[in-house]
Amino acid sequence: MAKSKTVFFCQNCGYESAKWLGKCPSCQEWNTFVEEVISKDPSPVSSSRDWTTYAPRPGSTRTVPLSQVSGGEEIRNVTPDQELNRVLGGGIVPGSLVLVAGEPGIGKSTLFLQIGLQMSGLTTLYISGEESEQQIRMRADRIGPPHEQFYLLTETNTQVIFEEIKKVRPGLVIVDSIQTLHTPYIESSPGTVSQIRECAAEFQRFAKSTGTPVFLIGHITKEGSIAGPKILEHMVDTVLQFEGDQHYAFRILRTTKNRFGSTSELGIYEMTGAGLRIVANPSQLLIAQREEILSGTAIAATLEGLRPLLVEVQALVTPSVYGTPQRTATGFDSRRLQLLLAVLEKRGGFHFGLKDVFLNIAGGLKIEDPSIDLAVLCALLSSYEDLPLPPHTCFTGEVGLSGEIRAVGRIEQRIAEAAKLGFEKIVISRYNLKGLQPSLFPIDIVPVAKVEAVYELFLK
């Protein structure tokens, strides 16, 4: 029989220690070590054995020159979900292991149940450790009719799961969720660091040896990071983050790691009563349709991956009635907001020191592209002066510390997206004019170089 061994794991990064530690030496977090019981083989291979005496098993893997490895074209399974294809880099790669994480109730299970039901030409096995068969059928009836090759398994024991996989022989496996599974080879409870690591390793070996793609749905912690050891993210081929505000209908599927494509892609969905609907043209939905022109709003031409987006930036600048002015940003980096306010104070002579400043990106999006700086700056100035910006005008450009408007990448795609949505003017950096042919675009291109020039053009 295998004897038990007790070790301590860091719940934040998975660091292993023989004794309890107050502070993790790896991630420097406090009070994250938990005790777990693992099995230990009573007759391990003697450590005194020299590596030179190792005899490989017959038929074991041999080293081969790279030149002898066949390349061939990369084969992908294209799904009916174009947004998923986008974030995966063109489709599902056979043998890939994909981890999907997000807030509770954000729609992870709904999305991948919907994808499994849409893959009518592929045998799909949906493994659930959280819901009963009746609960999943109720949600499936709301999303769409099941096909004959869609199979459902409610089980948490990995050995039972792999026995069922041998019978069904699926072409796609979806696991909901990895934190609920347990392997009989580890004595700790499900959700612990050792269980998550071992269960993920078993599915990794299965995916690589059979060429079957596996999607692992995962939980996140209250800090927003993926629950379990950090090594879980290293083991998988792709990490997808499903995010959004539950008070808004939009959901964003973002790539944070991808061995088979770009890591700057995102897909946009809209939550409906019949599941998640693909948003083909998000710019139209992210720009509010108003009959009255108000101050404090500006339209930014930004990029998320390869996708150009037009988003609405809303700013509110009011006199502070408290001792310390407030600085609140939603969907935008608050430190970046402080930087832009300092630029306006120093370079433009605008006194925000006694003003409360509130900034919001409409639609519940979180934008990290620095090209949104110019639109944020214009929205702040518009609210400060209480003067609306000209209608049908959008902005793109990065603001430097000296007040200059810096050039941004892929300016042609931003201009084309603005022209497609009917905008008449787009304000860009003067340094983006190099190599650009404004006559090719059906929109008036306004180049600016300094913050003062933007104020002179639109608000003075």
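Residues numbered from 1 in each chain as written. Predicted model: local features only at pLDDT ≥ 70, side-chain atom pairs only at ≥ 80, totals over all residues. Heavy atoms only, no water.

Even after reading the chapter, I still don't get the packing of aromatic side chains, so can you show me in this structure?
Where two aromatic rings form a pair, the distance of their centres and the angle of their planes describe that pair. Enumeration over the complete set of coordinates arrives at ten aromatic pairs. When the ring of F112 is compared with that of F215, the centres are 5.1 Å apart and the planes differ by 45 degrees; the resulting orientation is tilted. Residue F112 is located in helix α2 (residues 108-118), and its partner F215 is located in strand β8 (residues 214-218); the two are separated by 103 residues in the primary sequence. Each member of the pair, F112 as well as F215, carries the same accessibility label: buried. One aromatic cluster is present, built from ring pairs that chain together F350, F352, Y384 and Y455. (Phe/Tyr/Trp six-rings, centres within 6.5 Å; stacked < 30°, edge-to-face > 60°. Helix = DSSP H or I, 4+ residues; strand = E, 2+ residues; numbered from the N terminus. Buried < 20%, exposed > 50% of the residue type's maximum accessible area, 1.4 Å probe, protein only.)

Quick question: what am I supposed to make of the nonpolar core here?
Generally speaking, soluble globular proteins have nonpolar side chains that are buried together. Within the largest apolar cluster, 47 residues are counted, with the highest numbers of intra-cluster contacts made by V313, I372, L380 and F395. Discounting chain neighbours no more than four positions away, the residues touching F395 are A298, I299, A300, A301, L374, A375, C378, L389, V427 and F458. (Core = buried A, V, L, I, M, F, W, Y, C linked by side-chain atoms within 4.5 Å. Contact = heavy atoms within 4.5 Å.)

What should I look at first to understand helix α4 (residues 158-168) in this one?
In an α-helix, one turn spans 3.6 residues, which is why side chains three or four residues apart end up on the same side. Restricting attention to buried positions, one finds in α4 the residues T158, I161, F162 and I165. Across the axial projection of α4, the buried residues extend over an arc of 95 degrees, all falling on one side. In this structure, α4 carries K166 and K167 as exposed residues pointing more than 90 degrees from its buried face. Those residues of α4 that are buried are in contact with β5 (124-128), β6 (150-154) and α5 (193-210). At the exit of α4 stands R169, carrying a positive phi of roughly 55 degrees. (Arc of directions from axis to C-beta.)

Would you take a moment to explain the side chain of Q179 for this structure?
Turning to its location among the elements, Q179 is positioned in the loop between β7 (172-176) and α5. Reaching out from Q179, the side chain makes a polar contact with the backbone nitrogen of H219 at a distance of 3.0 Å. Once residues lying within four places of it in the same chain are set aside, the contact partners of Q179 are P190, G191, I196, I217, G218, H219 and A227. (Polar contact = N/O pair within 3.5 Å; in protein donor to acceptor, adjacent residues only side chain to side chain.)

Would you mind showing me how to read the pattern of salt bridges here?
Pairs may arise between side chains of opposite charge once their charged atoms sit close together. Applying the stated rule across the entire model yields 19 salt bridges. In this structure, the salt-bridge partner of E198 is R205, at a minimum N-O distance of 3.5 Å. A residue is classified by how much of its surface remains accessible, and E198, at 24% relative accessible area, is partly exposed. R205 sits in the partly exposed class, given a relative accessible area of 49%. Its salt-bridge partner being R254, residue E304 comes within 3.2 Å of it at the nearest N-O pair. Linking E304 in strand β13 (residues 297-304) with R254 in strand β10 (residues 250-258), this pair joins segments that are 50 residues apart in sequence. For R254, a relative accessible area of 17% gives the class buried. Connected through shared salt-bridge partners, E83, R86 and R307 make up one network. (Salt bridge = Lys/Arg side-chain N within 4 Å of Asp/Glu carboxyl O.)

Explanation requested: the layout of surface pockets in the structure shown.
To find leftover empty space, one rolls a probe the size of a water molecule over the atoms. Approximately 640 Å³ is the volume attributed to the largest pocket. In terms of lining, the largest pocket is formed by 27 residues, of which the most central are E243, R254, K366, I367 and E368. When residues of the lining of the largest pocket are traced back to their parent elements, those giving at least two are β9 (238-243) and β10. Of the residues that constitute the lining of the largest pocket, the class distribution is nine nonpolar, eight polar and ten charged. (1 Å grid on protein atoms, 1.4 Å probe; cavity = no way out; pocket = protein on both sides within 12 Å on 5 of 7 lines; lining within 4 Å. Points joined across faces, edges and corners; volume = space filled by probe spheres on them. Nonpolar A, V, L, I, M, F, W, Y, C, P; charged D, E, K, R; others polar.)

How should I be thinking about helix α3 (residues 133-143) in this particular structure?
Looking at α3, one finds that the buried residues are I136, R139, A140 and I143. Buried residues of α3 fall within an arc of 105 degrees about the axis and therefore sit on the same side. Facing away from the buried side of α3, by more than 90 degrees, are the exposed residues Q134 and M138. The secondary structure elements touched by the buried residues of α3 are α2, β5, β6 and β12 (275-278).

I'm lost on the side chain of T79 in this one. Help?
Following the sequence through the fold, T79 ends up in the loop between β3 (33-40) and α1 (82-88). Within the structure, the side chain of T79 is placed 3.1 Å from the backbone oxygen of D81, a separation counted as a polar contact. Once residues within four sequence positions are removed from consideration, T79 is found in contact with L84, N85, I92 and M119.

Whenever I open this one, the pairing of β13 confuses me. Can you help?
Regular strands place their side chains on alternate faces of the sheet. For β13, a buried count of eight out of eight residues is recorded, marking the element as mostly surrounded by other parts of the structure. Residues T297, I299, A301 and L303 point to one face of β13 and A298, A300, T302 and E304 to the other, with burial holding for every one of them. Relative to strand β14 (residues 307-319), β13 is paired through eight bridges, and the arrangement is antiparallel. Residue pairing for β14: T302 is matched across the bridge by L309. (Pairing = 2+ DSSP bridges.)

Just to check I follow, could you spell out the sheet that holds strand β16 (residues 355-361) for this structure?
Hydrogen bonds between backbone atoms are what pair the strands of a sheet, whose relative direction is either parallel or antiparallel. With respect to topology, seven strands assemble into an open sheet ordered β15-β16-β14-β13-β17-β20-β21, the strand pairing being mixed. In the strand order of this sheet, the two ends are held by β15 (327-330) and β21 (444-448), each with one partner. The sheet shows a mean angle of 25 degrees between the axes of neighbouring strands, taken without regard to direction. As judged from the two bridges shared by β13 and strand β17 (residues 393-395), these two strands associate in the parallel manner. Counted as the bridge partner of A300 is F395 from β17. Each of β15 and β16 touches helix α8 (residues 334-348); the most contacted strand, β15, lies at about 125 degrees to it. (Axes fitted to C-alpha atoms, helices over the stretch in contact; angles between N-to-C directions.)

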